[in-house]
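Commentary on secondary and tertiary structure
One-letter residues, chain by chain:
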Amino acid sequence: MPRKKTLKLREGTTVKEFSELIGLKFSDVIKKFMELGYMPTINQPVDTDAALLVAESFGIKLELASVEDETVVEEIKDDTSFLKHRAPVVTIMGHVDHGKTSLLDAIRETKVTETEAGGITQHIGAYKINLHGKDIVFLDTPGHEAFTAMRARGAKITDIVVLVVAADDGVMPQTVEAINHAKAAAVPIIVAVNKIDKPDANPAKVKSELAEHGIISEEWGGHDIFVEVSAKKRMGIEHLLEMILLQAEMMELKANFDKEAKGTVVEAKLDKGRGPVATLLVQNGTLKVGDALLSGVHVGKVRALIDDIGKRIQVAGPSTPVEVIGFSEVPSAGDTFVVVEDEKRARQIALTRFQKHRSLEIAKAKKLTLDELYTKIQEGQIRELNIIIKGDVQGSVEAIKDAFENITHPEVKVRVIHTSVGGINESDVMLATASNAIIIGFSVRPETKALQTAEKEGVDIRLYNVIYEAIEDVKKALEGMLAPTLKEKVLGRAEVRQLFPVSRLGTIAGAYVIDGYMSRACDGIRVLRDNVVAYEGKLATLKRFKDDVKEVQTGYECGILIENFNDIKVGDILENYIIEKIASKL
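Summarised in this report is the structure supplied together with it. Just so you know, these numbers come straight off a predicted model, no measurement behind them.

Examining the overall build of the protein chain
The helix and strand inventory of the protein chain stands at 14 helices and 32 strands. By residue count, 49% of the 586 residues in the protein chain fall in the buried class. Here the contacts in the protein chain between residues at least 6 apart in sequence split such that 72% fall between residues at least 24 apart. Carbon and sulfur atoms provide 51% of the accessible area of the protein chain, an area that totals close to 28,700 Å².

Now the structure itself:
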């Protein structure tokens, strides 16, 4: 007589757990699976369809139990009486060569070498220092792209940004990028004016240049702290640390130490000897050896905790950076992690998340595009239109920015969140992803990597050659009157390797096709110099050796003559395109 009972089968249950659930010997269960042509191992998550069939053959009714993903991460509001002060987490940003690394070294040396004889090698991308009995945590993130990537994933990891500006160099393009990234994240900025020991140091110039970007020193009646330092001569380092502690005191940073840990994955890698290793920043609660971890679709159990000076520890409280060994696979940097009651539960949630993630990928949520802007406004989804402007020269960038900021609309505020000169790079696309912005390019082109990222993330990049057209398009999009777009499809790019001046014709470019293909039937060709458009016109001839050809594929060389343009240089990129008409979606 077969037994009749209904049991719940959770996603992610292993074969061993499944045999225990239905109360049968593991060998019998495996035999049944083999009859179905399914050969699982003992600790492999069971295929649910096969499991239902096997249970049925034993006369056991099985039901699939739904795992509610979010039950794990439900945020219980912390009782304020449990909250204690935590150390501030600081990220150092700034332009390349302005001394970020040497400042980090100077900070580490002044504080660490006092306790560690013979200096220290940095073990993880974050470390703690102590001043007057108070801790400060420094994150050594690889620049503002990583900072924004974390924001795009919803991880608020930094409390304070230290902006390093060289006193002899002043504000540079990456300085402005760092400012915009910090402002978009609403994080207070402390300015460290570095290289103050140099004879041509001019801190007053730095202050006035930063004031143009809305960072005004306290001396000038603003709210931003400025500290003059020299990383090389170890001057002003202590003062900088005191200012960080002062800023942190004003922010009253608190956390609950007595709950399950939660935080962010700062970085992760696969170590040859130790397997997946993740640097985690605990932001709430306390992480202990033996805890079951869940980060995105990755699961782990804390086998070892290693602190910033390479010492093994048993527990890590809020604002503590630790290296964790015990993940089954390498988690994604920027993802949050939580401690779950046991590994089995973590596995079930990870599996559910993975399936959700896959279905979301299929029905990929589109980012904001100009075409669909009006519909979104009507539905009340858009309150602000964020715009990033890139141009060939500063003058046109400023003109477009002013024009955009003067556009008025009853329901939508137009905000320019970042402007700079040069081609559209990956950092711009990441900022657009994090801020749901539209990128407007004026006489510039996106780098290939940026274009791929934009496609993957669904970021709308609009390219113009006439300022008036860019402004008109945004105005029309706000009113829902955007005309059918003439969408340009890039066929290919070729790099100029050699020049052949021919007296009757002009200069023929000997080029190598780096991606796509060059076609004589294109609508136009443009010459790019450092991703800025140097010329746009028609393709006159396309040759392979001495023969005229219709097209030339990637990896081949060709000769290209552009109508009425001879000022071509070695290293230029030639981009040919066709124009397709696409009706506006409203």
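A word on the nonpolar core
Core analysis: the biggest nonpolar cluster contains 28 residues, and Leu103, Ile107, Phe138, Leu240, Leu241 and Ile244 have the highest contact counts within it. Sorting the residues of this core by element identifies β4 (89-94), α4 (100-112), β5 (126-131), β6 (134-139), β7 (160-166), β8 (189-194), β9 (225-228) and α8 (237-251) as the ones contributing at least two each. Ranked by residues supplied to this core, first place goes to α8 with 7 residues. Residues Val397, Val412, Phe442 and Leu478 belong to the second largest nonpolar core, which totals 24 residues.

Side note on the pairing of β5
Within a regular beta strand, the side chains point alternately toward one face of the sheet and then the other, so they alternate between its two faces. As paired strands, β5 and β6 are joined by 6 bridges and run antiparallel to one another. The residue of β6 that forms the bridge with isoleucine 129 is isoleucine 136. Counting the residues in the hairpin turn of β5 and β6 gives 2 residues, including histidine 132, whose phi is positive at 50°.

Comments concerning the sheet that holds strand β22 (residues 437-442)
Strand pairing in a sheet relies on backbone hydrogen bonds, with the paired strands running either antiparallel or parallel. Taken in spatial order, the 4 strands of this open sheet run β21-β20-β22-β23, and their pairing is parallel. Of all the strands in the sheet, the pair left with one neighbour each is β21 (413-421) and β23 (461-464). Pairwise comparison of adjacent strand axes, ignoring direction, gives a mean angle of 25° for this sheet. Relative to β21, strand β20 (residues 384-391) runs parallel, the two being bridged by 8 bridges. Across the sheet, the residue bridging to glutamate 384 is lysine 413, located in β21. Of the strands in this sheet, β20, β21 and β22 are in contact with helix α11 (residues 394-405), which crosses β21 at around 175°.

Definitions and cut-offs
Residues numbered from 1 in each chain as written. Predicted model: local features only at pLDDT ≥ 70, side-chain atom pairs only at ≥ 80, totals over all residues. Heavy atoms only, no water. Helix = DSSP H or I, 4+ residues; strand = E, 2+ residues; numbered from the N terminus. Buried < 20%, exposed > 50% of the residue type's maximum accessible area, 1.4 Å probe, protein only. Contact = heavy atoms within 4.5 Å. Areas by Shrake-Rupley, 256 points an atom, 1.4 Å probe, with all protein chains shown as cover. Core = buried A, V, L, I, M, F, W, Y, C linked by side-chain atoms within 4.5 Å. Pairing = 2+ DSSP bridges. Axes fitted to C-alpha atoms, helices over the stretch in contact; angles between N-to-C directions.

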